[in-house]
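# Structural overview
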Amino acid sequence: MIVKLKPALKSYLWGGKNLKTKWNKQSGENTLSESWELSFHKDGLALIDGGELDGKPLADVVERKDWGDNCKDFPFFPVLSKLIDSAQALSIQVHPSDDYALRYEGQFGKTEMWYILDAEKDAFLYLGFNRSVTEEEFSYAIENNTICELLNKVPVKAGETYFIPSGTIHAIGAGVTLYEVQQNSSLTYRVYDFDRVDANGNRRPLHVEKAKAVANLNKYDVPIPIRGALLGKCKYFTAFRYSGNGTIVCKGTFSAITALCGEVKIGNIVLHKGETAFMSAGEKADVVADGEYIVICVEKDS
C-alpha cells in the first residue's frame, strides 16, 4: 500500500500563518499551529487522500503487517510526525518516559526530534537545564515564574536537527517552523505558559506535580546540532533527509515520506511541499524528485 495522506490540523494560541502560506495547509482558522502528517493517534488521525479509500483514517485501513516486523514489539503504532509553526513560544514543558506514561497514562511517553525548516533572526529553543538543579530550586522557579532563567537558550538555523529525550524540559521559541518526529503520544506536562490567556480569557492548565515527577534535573549539555542525511535514530523511529531521485525499499518497516520542497513522486503518488505519503512494509518504490524530502521508518539496531 502506498497512499497520500491528509493531515489533522491543530490551532493553538501560539500558532502562526506559515503552515497556511508556505506549507499549503488549508484551514478556516486564521492561524495554524500543527499539521499532524502521519498520525494514528485518536486526538488527530491522518486520513487517506484520494483513491478508493479516500477519507478513511489510515489507522483503520492498515494492518499490523503493514507496520513491519521492526514494529512487532510495540503495543501501539510507534510514530507521529508533525509540521509545527510557532509565532509565539510554546509553553515550558516536559514529556514522560515510557515507564511513567504506560503506568499512569496508558500510552507511550514522548521522545522527539526537531528538524528546523525555517527560523527568524534570533530564534531559539529552550533545551534542558543550564546547570543541575535541586527539586527545591525547580519548585521555586515554577512558583516564581523564573524557570526560563534555568534553561539553555539555543539559537537555531534552518537545516539543524535536535533530539529531545523524554524527561528533558524544553520549549520551541517564537519564529520557528520545524518538522517533528515523535513517539505516538499526546502527553505534555506544562510548567509555565508565560501567563497567556485564550480568547475566552482562560489560562491553559499546568501539570506541575507530574512534571516534577518526570523531569531530569541534571545539567543538559546541548549537543552539536545534527546535519546530514541521517537526522536522528532511536528505537521508536529513524529519520533521513534526501534529495533527488532514489528508491525506497521497506524491509521490515513502514515508511512515511514528506516533501520539503519541489515535487516528489513515489510510485504513482505525487507530493508537493508539505505533503506526506505512507508506504506499507514490504513495498518498494522509485522516487523521482526535484527537491528534498524526509523519510521516517523504524530501524532495528544492527
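Read on for a plain summary of the structure. For every chain, the first residue of the written sequence is number 1, and numbering continues from 1 onward in sequence order. Two thresholds apply to this predicted model, a pLDDT of at least 70 for residue-level local features and 80 or more for giving and counting side-chain atom pairs, whereas whole-chain, interface and lining totals are computed over all residues. Side-chain calculation: all heavy atoms of the structure are included, whereas hydrogens and water are not.

## Observations concerning the nonpolar core
In this structure, Leu38, Leu58, Phe278 and Ile296 are the most contacted members of the largest nonpolar core, which totals 36 residues. When checking whether two residues touch, look at their non-hydrogen atoms; a contact exists if any pair is within 4.5 Å. Not counting residues within four places of it along the chain, the set of residues in contact with Leu38 comprises Leu5, Leu58, Phe77, Val79, Leu80, Ser81, Phe254, Ala256, Phe278 and Ile296. Residue types Ala, Val, Leu, Ile, Met, Phe, Trp, Tyr and Cys, when buried and joined through side-chain atoms within 4.5 Å, form a set referred to as a nonpolar core. Burial classes: relative accessible area under 20% of the type maximum marks a residue as buried, over 50% as exposed, and values in between as partly exposed (1.4 Å probe, protein chains only). Ile142, Leu150, Tyr189 and Tyr192 belong to the second-largest nonpolar core, a separate cluster that totals 25 residues.

## Here we look at the sheet that holds strand β22 (residues 292–297)
Strand pairing is assigned whenever DSSP detects at least two bridges linking the two strands. Each helix is a run of DSSP H or I of at least 4 residues and each strand a run of E of at least 2, with the numbering of both proceeding from the N terminus. As summarised here, the arrangement of the 7 strands in space is β4-β1-β20-β17-β22-β15-β14, forming an open sheet in which the pairing is antiparallel. The outermost strands of the open sheet, each flanked by one partner alone, are β4 (47–48) and β14 (230–233). The pairing of β14 with strand β15 (residues 238–243) spans 3 bridges and is classified as antiparallel. Counterpart to Gly232 in the pairing with β15 is Ala239.

## Concerning the sheet that holds strand β21 (residues 284–289)
Across the sheet, 4 strands lie side by side as β16-β21-β18-β19; this open sheet has antiparallel pairing. Of all strands in the sheet, those bounded by a partner on one side alone are β16 (246–249) and β19 (269–271). Shown here is a sheet whose adjacent strand axes are inclined to one another by a mean of 25 degrees, direction ignored. Where strand β18 (residues 264–266) lies against β19, 3 bridges are found, and the strand directions are antiparallel. Across the sheet, Lys265 pairs through a bridge with Val270, a residue of β19. Think of each axis as a best-fit line through the C-alpha atoms, taken over the contacting stretch in the case of a helix, with angles from 0 to 180 degrees between the N-to-C directions.

## Notes on the pairing of strand β5 (residues 79–86)
Burial analysis of β5 places 8 of its 8 residues in the buried class, the great majority of the element. Neither face of β5 is open: one carries Val79, Ser81, Leu83 and Asp85, the other Leu80, Lys82, Ile84 and Ser86, and all of them are buried. In terms of strand pairing, strand β3 (residues 34–38) meets β5 through 4 bridges, oriented antiparallel. Within β5, the residue paired with Glu34 across the bridge is Ile84. Bridge analysis of β5 against strand β12 (residues 176–183) gives 8 bridges, and the strand direction is antiparallel. Opposite Leu83, over in β12, you have Tyr179 as the bridge partner.

## Things to note about the side chain of Thr177
Structurally, Thr177 can be placed in strand β12. In protein, a polar contact requires one atom able to donate a hydrogen and another able to accept it; more generally it is a pair of N or O atoms within 3.5 Å, and residues adjacent in sequence count only if both atoms are side-chain atoms. Within the local environment of Thr177, its side chain forms a polar contact with the side chain of Asn18, the two groups lying 3.2 Å apart. Apart from the residues within four sequence positions on either side, Thr177 is in contact with Asn18, Trp23, Ile84, Asp85, Ile116, Leu117 and Asp118.

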